[in-house]
Amino acid sequence: VSTQSTWGHSFSKSPVSLFRIVKMAPTGSDVKLPLPLSMIIGGISGSVGEILTIPLDTAKVRQQVDGEKALQTGAPRKYVGTFTTLKLLLNEEGIITWYRGLSAGLLRQMVFASLRIGLYDPVRESVESTLGWSRISAKNNVLSGLLTGAFGILIASPTDRIKVVFQKNPDAYSSLRHAIRDIAGKDGYKLKLSLLTK
């Protein structure tokens, strides 16, 4: 029995934890994780990154909104500089404001990162069989990354808009579910293309 099939069988049949599964994984450049596990790992890694960086993202959105208002009204900008913005938000609205939109951000990562990372190897194999490009060649890696990234963005783009709404106006919605229902009800299909048409 091949390493890949044995590993895939152990994942699908054994009800062990994710960390035990990863620990059980054999080493080697030709080892392929099962697709569900690859997607889970991708989603978790993306979510960890989201948790660590969302305060900076919130500061960025507030500065953008503040800049637009300053251009329209001629008023001086309130938020200037990332760390100054974070300090003002902390003093005026509390630390929870740094993490507004986190639920939508985690949803996005569980969709986008899981697709982008989980589908990378299958797409790379398809490119190799279709175009004859070696799996380890640079052109295969680049094309596979572009294809999986574009697909992930296409599917996950609605959650980006919801996340930005939370960050721009923290009191607009009481929950992620409330935001999804309200924005989808108002914008319909436009929500799906919100980022692609910026």
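Keep in mind it's a predicted model, so treat the numbers as computed, not measured.

(A) Main features of the overall build of the protein. When helices and strands are counted, the protein shows 8 helices and 0 strands. Walking the protein from its N terminus toward its C terminus, one meets helices and strands in the order α-α-α-α-α-α-α-α. Partitioning the contacts of the protein with sequence separation of at least 6, the portion at a separation of at least 24 is 60%.

(B) Seen up close, a nonpolar patch on the surface. Together, Ile 40, Ile 44, Val 48 and Leu 52 give the surface a local cluster of nonpolar side chains, amounting to about 350 Å² of exposed area. Tracing the sequence through the fold places Ile 40 in helix 3 (residues 35-73).

(C) Region of the structure containing helix 5 (residues 102-118). Over its 17 residues, helix 5 runs 22 Å from end to end, which matches the ideal 24 Å to within 8%, given 1.5 Å per residue. Within helix 5, burial applies to Leu 102, Ala 104, Gly 105, Arg 108, Gln 109, Phe 112, Ala 113, Ser 114, Leu 115 and Gly 118.

(D) Layout of the packing of aromatic side chains. All told, the structure shown has 0 aromatic pairs when counted by the stated rule. The ring centre of Phe 112 lies 4.6 Å from the NZ or CZ of Arg 108, which sits over that ring.

(E) Representation of the pattern of salt bridges in the model. Scanning the model with the defined rule gives 9 salt bridges in all. When the shortest N-O distance is used, the salt bridge between Asp 57 and Lys 163 registers 2.8 Å. Within this pair, whereas Asp 57 is found in helix 3, its partner Lys 163 is found in helix 7 (residues 138-168), the two being separated by 106 residues in sequence. Both residues of the pair, Asp 57 and Lys 163, count as buried. Each of Glu 50, Asp 57, Lys 60 and Lys 163 takes part in salt bridges that share partners, so that together they form one network.

(F) Spotlight on the nonpolar core. Counting residues in hydrophobic clusters, the biggest one holds 7 residues: Ala 104, Ile 162, Phe 166, Tyr 173, Leu 176, Ala 179 and Ile 183. Elements represented by at least two residues in this core include exactly helix 7 and helix 8 (176-187). The element contributing the most residues to this core is helix 8, with 3 residues. Of all hydrophobic cores here, the second largest spans 5 residues; its members include Ala 59, Tyr 79, Leu 86 and Leu 89.

(G) Looking closely at the confidence of the model for the protein. The pLDDT averaged across the protein works out to 79; a share of 78% of its residues lies at or above 70. Mean pLDDT in the protein bottoms out at helix 1 (residues 3-13), which sits at 47, and peaks at helix 4 (residues 82-93), which reaches 92. Across residues 1-15, confidence stays below pLDDT 50; counting only partners more than four residues off in sequence or on other chains, it has 19 contacts.

(H) Representation of the packing of helix 3 against helix 5 within the structure. Running from N to C, helix 3 and helix 5 cross one another at 140°; their axes reach a closest spacing of 7 Å. Judged by the inter-axis angle, helix 3 sits oblique to helix 5. When you trace helix 3 past helix 5, the crossing you get is right-handed. Where helix 3 abuts helix 5, its residues Leu 35, Ser 38, Met 39, Gly 42, Gly 43, Ile 44, Ser 45, Gly 46, Ser 47, Glu 50, Ile 51 and Ile 54 lie against Leu 102, Gly 105, Leu 106, Gln 109, Met 110, Ala 113, Ser 114, Leu 115, Ile 117 and Gly 118. Per-class residue counts for the contact of helix 3 with helix 5 are 11 nonpolar, 10 polar and 1 charged.

(I) Quick look at the environment of Ile 51. You can see Ile 51 is positioned in helix 3. Of the residues examined, Ile 51 reaches a relative accessible area of 40% and is grouped as partly exposed. Remark: the alpha-carbon pair of Ile 51 and Gly 105, spanning 54 residues in sequence, is separated by 8.4 Å.

(J) Main features of the environment of Ile 136. Mapped onto the secondary structure, Ile 136 falls in the loop between helix 6 (120-131) and helix 7. Counting along the chain gives 12 residues from Ile 136 to Arg 124, while the straight-line C-alpha distance between them is 8.9 Å.

(K) Structural view of helix 3. The sharpest bend along helix 3 comes to roughly 55°, located at Thr 53, with the proline Pro 55 sitting one to four residues further on. Two residues or fewer after helix 3 comes Gly 74, characterised by a positive phi angle close to 80°.

Reading the values: rules and limits
- Residues numbered from 1 in each chain as written.
- Predicted model: local features only at pLDDT ≥ 70, side-chain atom pairs only at ≥ 80, totals over all residues.
- Heavy atoms only, no water.
- Helix = DSSP H or I, 4+ residues; strand = E, 2+ residues; numbered from the N terminus.
- Contact = heavy atoms within 4.5 Å.
- Patch = residues over 30% accessible without salt bridge, like charges linked within 9 Å, V, L, I, M, F, W, Y side chains within 5 Å.
- Areas by Shrake-Rupley, 256 points an atom, 1.4 Å probe, with all protein chains shown as cover.
- Salt bridge = Lys/Arg side-chain N within 4 Å of Asp/Glu carboxyl O.
- Expected span 1.5 Å × (residues − 1).
- Buried < 20%, exposed > 50% of the residue type's maximum accessible area, 1.4 Å probe, protein only.
- Phe/Tyr/Trp six-rings, centres within 6.5 Å; stacked < 30°, edge-to-face > 60°.
- Lys NZ or Arg CZ within 6 Å of the ring centre and 35° of its normal.
- Core = buried A, V, L, I, M, F, W, Y, C linked by side-chain atoms within 4.5 Å.
- pLDDT = per-residue confidence, 0-100.
- Axes fitted to C-alpha atoms, helices over the stretch in contact; angles between N-to-C directions.
- Parallel < 35°, antiparallel > 145°, perpendicular 65-115°, else oblique.
- Left-handed = near helix turned anticlockwise from the far one by under 90°.
- Nonpolar A, V, L, I, M, F, W, Y, C, P; charged D, E, K, R; others polar.
- Bend = angle between axes of the 7 residues up to and from the residue.

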